Amino acid sequence: AVIKGNLELLQKFPDLPKRDEVIERLARTVRDMESLVQTLLILARESESKLAWSSVVLNDLVSEQFDQVRRAMNKPGIKTGMTADCLLETEAPERVLGIIFHNLLRNAMAFTDDGEVRVHIDEHSVVIRDTGCGMSEADLERIFEPFYRAHDRSNEGYGLGLAIVSRLCRRFGWPLEVDSELGAGTVFRINFPKASRQTFQRKAADIERGVT
């Protein structure tokens, strides 16, 4: 619907003053659809056990996903940052982890108009905390249902992101916790019971990343 409507605008008004904004909206929608299709393909194939496993340093993967989300969403009014107590490493399909953290970080940025989105890695888990609009208790009971959206935002996703995150976390044995307060923000925590930990041998600048 977004692509169709904006294409009609461009066809009717070739000299549209906000032409660049329309084109960017089209490009963003295509990227979202591409990501959705790739995710659904992974979910369809997971029973075939064809996913490539490797040793993944969660600090590096989460930092990379955080950078991608920040660039894609372009919300300079939000303060972002990442801290860690250690290097957390686990055996997993890297692509699956990328999908999980991309969805959670994108969700945090999407529903934070002013405030902060912070990531912290401790000895057992990755925590994503935002100071956005938060959710009610009724929303919390349903957020992992497919196509359910806790907020009426017609231009924000398809209501599948958190359902996919929940399904993948259950599939790979990574307990997922969520806590939220309406008007105060939301916290997601993913636990990695089989992860190994290493003390830091990196510079402080490598530990604290992405602060704006």
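### Quick look at the sheet that holds strand E1 (residues 53–57)
Right, so step 1: Taking strand neighbours across the sheet as the criterion, the 3 strands line up as E1-E3-E8 in an open arrangement whose pairing is antiparallel. Both outer strands of the open sheet, E1 and strand E8 (196–198), are each paired with one neighbouring strand and no more. Across this sheet, the average inter-strand angle for adjacent strands is 25°, counted without regard to direction.
Right, so step 2: Contacts from helix H3 (residues 58–73) reach E1 and strand E3 (87–93) within the one sheet, and its direction differs from that of E1 by about 80°.

### Thoughts on unusual backbone geometry
Right, so step 1: Of note, the phi angle at Asn74 is positive, near 50°, even though the residue is not glycine.
Right, so step 2: Relative to the helices and strands, Asn74 resides in the loop between H3 and strand E2 (78–84).
Right, so step 3: By relative accessible area, which is 59% here, Asn74 ends up exposed.

### Some thoughts on the nonpolar core
Right, so step 1: Ranked by internal contacts, the top residues of the largest apolar core, which has 45 residues, are Leu97, Ile100, Phe101, Trp174 and Phe192.
Right, so step 2: Top contributing element to this core by residue count: helix H4 (residues 94–110), with 10 residues.

### Brief notes about the pattern of salt bridges
Right, so step 1: Overall, the coordinates contain 4 salt bridges when judged by the stated rule.
Right, so step 2: A salt bridge links Asp113 to Lys75; the nearest nitrogen and oxygen atoms lie 3.6 Å apart. Here Asp113 is found in the loop between H4 and strand E4 (115–121), whereas its partner Lys75 is found in the loop between H3 and E2, with 38 residues between them in sequence.
Right, so step 3: For Lys75, a relative accessible area of 21% corresponds to the partly exposed category.
Right, so step 4: We note a salt bridge from Arg189 to Asp122, for which the minimum N-O separation is 3.0 Å. Here the residue Arg189 occupies a position in strand E7 (residues 185–191), and Asp122 occupies one in the loop between E4 and strand E5 (125–130), the gap between them amounting to 67 residues.

### Considering the packing of H3 against H4
Right, so step 1: Following both chains from N to C, one finds H3 and H4 inclined at 45°, their axes separated by 9 Å at the closest point. By the criterion of interaxial angle, the relationship of H3 to H4 is oblique. H3 and H4 meet at a crossing whose hand is right-handed. Residues Leu58, Leu61, Val62, Gln65, Phe66, Gln68, Val69, Arg70 and Met73 of H3 form the contact with H4, whose own contacting residues are Glu94, Leu97, Gly98, Phe101, His102, Leu105, Arg106, Met109 and Ala110.
Right, so step 2: In the contact of H3 with H4, the residues fall into 11 nonpolar, 4 polar and 3 charged.

What counts, and at which threshold
Numbers given to residues run from 1 along each chain, matching the order in which its sequence is written. For a predicted model such as this one, the threshold for reporting local features is a pLDDT of at least 70, and the threshold for listing and counting side-chain atom pairs is 80 or more; totals across whole chains, interfaces and linings nevertheless cover every residue. Water and hydrogen atoms play no part in the side-chain values, which are based on all heavy atoms of the structure. By this definition, two strands are paired if DSSP reports at least two bridges between them. Secondary structure elements are taken from DSSP: a helix is a run of H or I of four residues or more, a strand is a run of E of two residues or more, and numbering for both begins at the N terminus. Geometry is summarised by axes, namely lines fitted to C-alpha atoms with helices restricted to the contacting stretch, and by angles between N-to-C directions that run from 0 to 180 degrees. A contact between two residues is defined here by any heavy atoms of the two lying within 4.5 Å. Classification of residues uses two cut-offs on accessible area relative to the type maximum, computed with a 1.4 Å probe and protein chains only: under 20% is buried, over 50% is exposed, and between them is partly exposed. To form a nonpolar core, buried Ala, Val, Leu, Ile, Met, Phe, Trp, Tyr and Cys residues must be joined to one another through side-chain atoms within 4.5 Å. The salt bridge criterion pairs a side-chain nitrogen of Lys or Arg with a carboxyl oxygen of Asp or Glu, the two atoms within 4 Å. Note on angle classes: values under 35 degrees are labelled roughly parallel, values over 145 roughly antiparallel, values of 65 to 115 roughly perpendicular, and the remainder oblique. Handedness of a crossing follows from how the near helix is turned relative to the far one, being left-handed for an anticlockwise turn of less than a right angle and right-handed for a clockwise one. Gly falls in the polar group here, along with every residue not listed as nonpolar (Ala, Val, Leu, Ile, Met, Phe, Trp, Tyr, Cys, Pro) or charged (Asp, Glu, Lys, Arg).

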